[in-house]
Amino acid sequence: MTRIDRRALFASGATAALLAATGVSAAPKRGGRLKAALSGPLFDQAVAATVYENLTEIAADGTLRGELATDWVSDETAQRWRFSLRDGVTFHDGSAFTAPAVLDLPMNVQIVDEHTVEIVLDAPNPNLPYLLAHPDFEIRSATGAGSGLYQVQKLVEGRHFISSRVQDHWKENAGWFDSVEFVQFSADAIRSEALRDGLVDVADINVLDPYADPRDFQTLPGDTGTTHIAATTVSVPHTVGKTWPLDNLRMAERWWMG
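(A) Region of interest: the sheet that holds strand E5 (residues 80–85). Strand order in the open sheet made by the 4 strands is E4-E5-E7-E6, with antiparallel pairing throughout. For this open sheet the edge positions go to strand E4 (69–74) and strand E6 (108–113), each flanked by a neighbour on one side alone. On average, each strand axis in the sheet is inclined to that of its neighbour by 25 degrees, with strand direction left out of account. Note that E5 and strand E7 (residues 116–120) share 5 bridges and pair antiparallel. If you follow Arg 82 over to E7, its bridge partner there is Glu 118.

(B) Quick look at unusual backbone geometry. Despite not being glycine, Asp 247 shows a phi value in the positive range, around 55 degrees. With respect to the element layout, Asp 247 can be found in helix H5 (residues 245–249). Judged by its relative accessible area of 0%, Asp 247 is buried. Phi is positive for Leu 249, which is not a glycine, with a value near 65 degrees. By secondary structure assignment, the location of Leu 249 is in helix H5.

(C) Geometry of the pattern of salt bridges. Overall, the coordinates contain 19 salt bridges when judged by the stated rule. One salt bridge in this structure joins Lys 171 and Glu 57, with 3.8 Å as the shortest N-O distance. Residue Lys 171 is located in the loop between strand E9 (160–165) and strand E10 (179–184), and its partner Glu 57 is located in strand E2 (residues 56–58); the two are separated by 114 residues in the primary sequence. The burial state of Lys 171 is the same as that of Glu 57; both residues are buried. In this structure, Glu 118 engages Arg 80 in a salt bridge whose closest nitrogen and oxygen atoms are separated by 2.5 Å. Here the residue Glu 118 occupies a position in strand E7, and Arg 80 occupies one in strand E5, the gap between them amounting to 38 residues. Residue classification places Glu 118 among the buried positions, given a relative accessible area of 8%. The partly exposed category is assigned to Arg 80, whose relative accessible area is 29%.

About the thresholds
- Residues numbered from 1 in each chain as written.
- Predicted model: local features only at pLDDT ≥ 70, side-chain atom pairs only at ≥ 80, totals over all residues.
- Heavy atoms only, no water.
- Pairing = 2+ DSSP bridges.
- Helix = DSSP H or I, 4+ residues; strand = E, 2+ residues; numbered from the N terminus.
- Axes fitted to C-alpha atoms, helices over the stretch in contact; angles between N-to-C directions.
- Buried < 20%, exposed > 50% of the residue type's maximum accessible area, 1.4 Å probe, protein only.
- Salt bridge = Lys/Arg side-chain N within 4 Å of Asp/Glu carboxyl O.

Pasting the structure below:
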């Protein structure tokens, strides 16, 4: 097989130096609860990204790295892909992450062994590892549990979500909040007012409420303009992912309370 390996390796020392040089705290603070007011479609995606993990992940700088997969290779046609799976991962229901969990992906998945799978495509796709980082390709246990940094404490479908940080997660240097809470409001004006009044820390709005003090808020851009606005009490890394809103839906994992 010919290796197509686009994983990114991040050196903690270099990352800290970059953050310090750009005026951002190089030592994220652990604690607090992140509260977000989200629209309907984004609410569901943000919940999934907080509770579940994918085989791959797109980092804030746009590079690809492994999440539940540690390595991947393709054959010469880019139709048959082999993924090595991360060992020692536990779902929130207590079960171990192994190859059968990948069978639920909407594609032809074949088990090689407990920690190796092959995905066979109908047509060549050299970008398959990037595709697997997208929403709707999350990995679930047989009971539907996730393996993400935050475990569900309360979920009212499409309305309200509260989760708590998983102890001893394999991602040691991520997930700085003790808990995360999302509320869904369809109206832009309501999300904007909730942010203005300090009821939430971030909202997926692109225009600040006219009665809000701009000095208390920060706009976070996407590829086509502002996608969400956060209070300055939330610390955001210098590089924010722009593939999807809310730092590639990874705000619960990457941000921290200032």
